[in-house]
Amino acid sequence: MDFIEKQLPAGFKLEEETKYPDRFIAERAYNILKNLTKIGPRTAGSYQNEVLAVNLLKDEIENIIKNANRNHVIELDIQKASGAFSLEFLDGMTNVYQDVQNVVVKVGSKINSSHSVLINCHFDSVVDSPGKKISLFTFFIARY
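The paragraphs below set out a description of the structure included in this document. All values reported here derive from a predicted model rather than from experimental measurement.

1. Observations concerning the overall build of the protein
Piece 1. Across its full length, the protein holds four helices and three strands.
Piece 2. Helices and strands in the protein line up, N terminus first, as α-α-α-β-β-β-α.
Piece 3. The buried share of the protein, taken over its 144 residues, is 26%.
Piece 4. Taking as baseline every contact in the protein between residues at least 6 positions apart, the subset at least 24 positions apart corresponds to 47%.
Piece 5. For the protein, the computed accessible surface area is about 10,300 Å², with 52% contributed by carbon and sulfur atoms.

As structure tokens, then:
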């Protein structure tokens with residue numbers, strides 16, 4: 001990871017947004033990620049993950065939709081999933097989950113196109129983890 005970080009350009013700050021209106025503002029994404037990690041550990045099925053984190057994401061996505069370029073079509077869907085799967089490496093232990101939420105965002109165009117982008121990442125974390133090293137940052141990179 002250190003190698004990649006040293007190869008990336010410096011991210012734009014909020015104060016530079018008017019100067020670069022069509023650029024990704026890294027500071028905004030980082031602030032959202034900090035707010036998410038302030039919730040603390042977000043294990044799947046927990047109040048922190050299924051209510052607090054989902055509400056934070058939903059609010060951010062609704063704000064993106066409200067401020068999106070008029071040529072973009074952005075759809076938000078909150079799904080609830082239930083099911084089970086076997087963990088063969090643990091002597092066949094079965095993991096069961098109920099009403100675990102997925103936050104789904106689809107980005108398309110009002111221009112006649114057969115292409116769109118489906119954005120996904122996990123936002124839960126392992127027990128006793130601050131949840132900082134998650135794929136959620138990828139979501140916020142796709143914001144603009």
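2. Here we look at the packing of aromatic side chains
Piece 1. In the structure shown here, the tally under the stated rule is two aromatic pairs.
Piece 2. With centroids separated by 4.4 Å and ring planes inclined at 40°, the aromatic side chains of Phe12 and Tyr20 adopt a geometry described as tilted.
Piece 3. Judged by centre distance (6.3 Å) and plane angle (50°), the ring pair of Phe85 and Tyr97 falls under tilted. Taken together, the residues span a long stretch of sequence, with Phe85 in strand β1 (residues 72–87) and Tyr97 in strand β2 (residues 93–109) at a distance of twelve residues.

3. Quick notes on the nonpolar core
Piece 1. Among the nonpolar cores identified, the biggest contains 13 residues, and Leu57, Ile61, Val103, Val105 and Phe123 are the most heavily contacted of them.
Piece 2. Looking at this core, the elements with two or more residues in it are α2 (26–38), α3 (47–67) and β2.
Piece 3. If one sorts the elements of this core by residue count, α3 sits on top with six residues.

What counts, and at which threshold
Residues numbered from 1 in each chain as written. Predicted model: local features only at pLDDT ≥ 70, side-chain atom pairs only at ≥ 80, totals over all residues. Heavy atoms only, no water. Helix = DSSP H or I, 4+ residues; strand = E, 2+ residues; numbered from the N terminus. Buried < 20%, exposed > 50% of the residue type's maximum accessible area, 1.4 Å probe, protein only. Contact = heavy atoms within 4.5 Å. Areas by Shrake-Rupley, 256 points an atom, 1.4 Å probe, with all protein chains shown as cover. Phe/Tyr/Trp six-rings, centres within 6.5 Å; stacked < 30°, edge-to-face > 60°. Core = buried A, V, L, I, M, F, W, Y, C linked by side-chain atoms within 4.5 Å.

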